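# Observations on chain architecture
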Amino acid sequence: MGRIVCLDVGDVRIGVAVSDPLKMIASPYSVIRRVGWGPDVKEISRICVEQEAEFVLCGLPRNMDGTEGFQAEKVRLFAKQVEKAGWEVRFEDERLSTVSAEHALIEGGMHREDRKGHVDKVAAAVILQGYLDRG
């Protein structure tokens, strides 16, 4: 049984979360600082191998009306690079995931300056948990 590696792809950072082997629980994993498609995909591949990933789930940013905008196109282009590296990619609506992650970190008492380093991986976990819950 493989895990699911989930990505919250942004312009500056990529939040990474992973599921447990039973695909019931999502956990924040890491934040990758973007340097370029090649190095970024290489790091994602390394994580996927390390975590014995079955596939990669990418959060897909949609507008509140459900349409896809410019940012969704950037995520799809990045996902194509991940696919070229040999990984199956699936997509999950990520609307409001960052807001949910911010609220969770605030409720947990994390200070604003510390949240920046964590919000992306927590957002990835929110996206992944939503996917797992719909199972």
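Above: the structure in question.
All of the points below concern the structure found in this document.

Criteria and thresholds
- Residues numbered from 1 in each chain as written.
- Predicted model: local features only at pLDDT ≥ 70, side-chain atom pairs only at ≥ 80, totals over all residues.
- Heavy atoms only, no water.
- Helix = DSSP H or I, 4+ residues; strand = E, 2+ residues; numbered from the N terminus.
- Polar contact = N/O pair within 3.5 Å; in protein donor to acceptor, adjacent residues only side chain to side chain.
- Contact = heavy atoms within 4.5 Å.
- Buried < 20%, exposed > 50% of the residue type's maximum accessible area, 1.4 Å probe, protein only.
- Disulfide = S-S within 2.5 Å.
- Pairing = 2+ DSSP bridges.
- Axes fitted to C-alpha atoms, helices over the stretch in contact; angles between N-to-C directions.
- Core = buried A, V, L, I, M, F, W, Y, C linked by side-chain atoms within 4.5 Å.
- Parallel < 35°, antiparallel > 145°, perpendicular 65-115°, else oblique.
- Left-handed = near helix turned anticlockwise from the far one by under 90°.
- Nonpolar A, V, L, I, M, F, W, Y, C, P; charged D, E, K, R; others polar.

## Describing the side chain of Ser-19
Mapped onto the elements, Ser-19 comes out in strand E2 (residues 13-19). Here the side chain of Ser-19 touches Ile-4 through a polar contact of 2.9 Å, landing on its backbone nitrogen. Look past the residues within four positions of Ser-19 in its chain and what remains in contact with it is Arg-3, Ile-4, Ile-25, Ala-26, Leu-128 and Leu-132.

## Concerning unusual backbone geometry
One can expect most non-glycine residues to show negative phi and most peptide bonds to be in trans. If you check the backbone angles, Lys-23 has positive phi at about 60° while not being a glycine. Residue position: Lys-23 is located in the loop between E2 and strand E3 (26-33). Judged by relative accessible area, Lys-23 falls into the partly exposed class, the value being 23%. Positive phi, normally seen in glycine, also occurs at Glu-52, with a value near 55°. Tracing the chain through its elements places Glu-52 in the loop between helix H1 (37-50) and strand E4 (53-60).

## Here we look at the state of the cysteines
Overall, the coordinates contain 0 disulfides when judged by the stated rule. Residue Cys-6 stays outside any disulfide, its sulfur separated by 7.4 Å from that of Cys-58, the closest cysteine. Among the residues examined, Cys-6 registers a relative accessible area of 0% and is labelled buried.

## Some remarks on the sheet that holds strand E1 (residues 3-9)
Taken in spatial order, the 5 strands of this open sheet run E3-E2-E1-E4-E5, and their pairing is mixed. Edge strands, defined here as strands with exactly one partner in the open sheet, are E3 and strand E5 (89-93). Here the strands of the sheet are splayed against their neighbours by 30° on average, with no regard to which way each runs. For E2 and E3, the ladder comprises 7 bridges, and the chain directions are antiparallel. The partner of Ile-14 across the bridge, within E3, is Ile-32. On the sheet, H1 packs against E1, E2, E3 and E4 and is oriented at approximately 150° with respect to E3.

## Describing the nonpolar core
Counting residues in each nonpolar core, the largest one holds 22 residues, and the members touching the most others are Val-5, Leu-7, Ile-14, Val-56, Cys-58 and Phe-78. Of all the elements in the fold, those that place two or more residues in this core are E1, E2, H1, E4 and helix H2 (70-84). Among the elements that make up this core, the one with the highest residue count is H2 (5 residues).

## Let's talk about the packing of H1 against H2
One can describe the packing of H1 onto H2 by two numbers: an axis separation of 10 Å at closest approach and a directional angle of 60°. In terms of orientation, H1 lies oblique with respect to H2. Where H1 crosses over H2, the two elements pack in a sense that is right-handed. The segment H1 lies against H2, with Trp-37, Asp-40, Val-41 and Ile-44 engaging Leu-77, Phe-78, Gln-81 and Val-82. Residue composition of the contact of H1 with H2, by class: 6 nonpolar, 1 polar and 1 charged.

Spatial relationships are all this shows, so hold off on functional conclusions.
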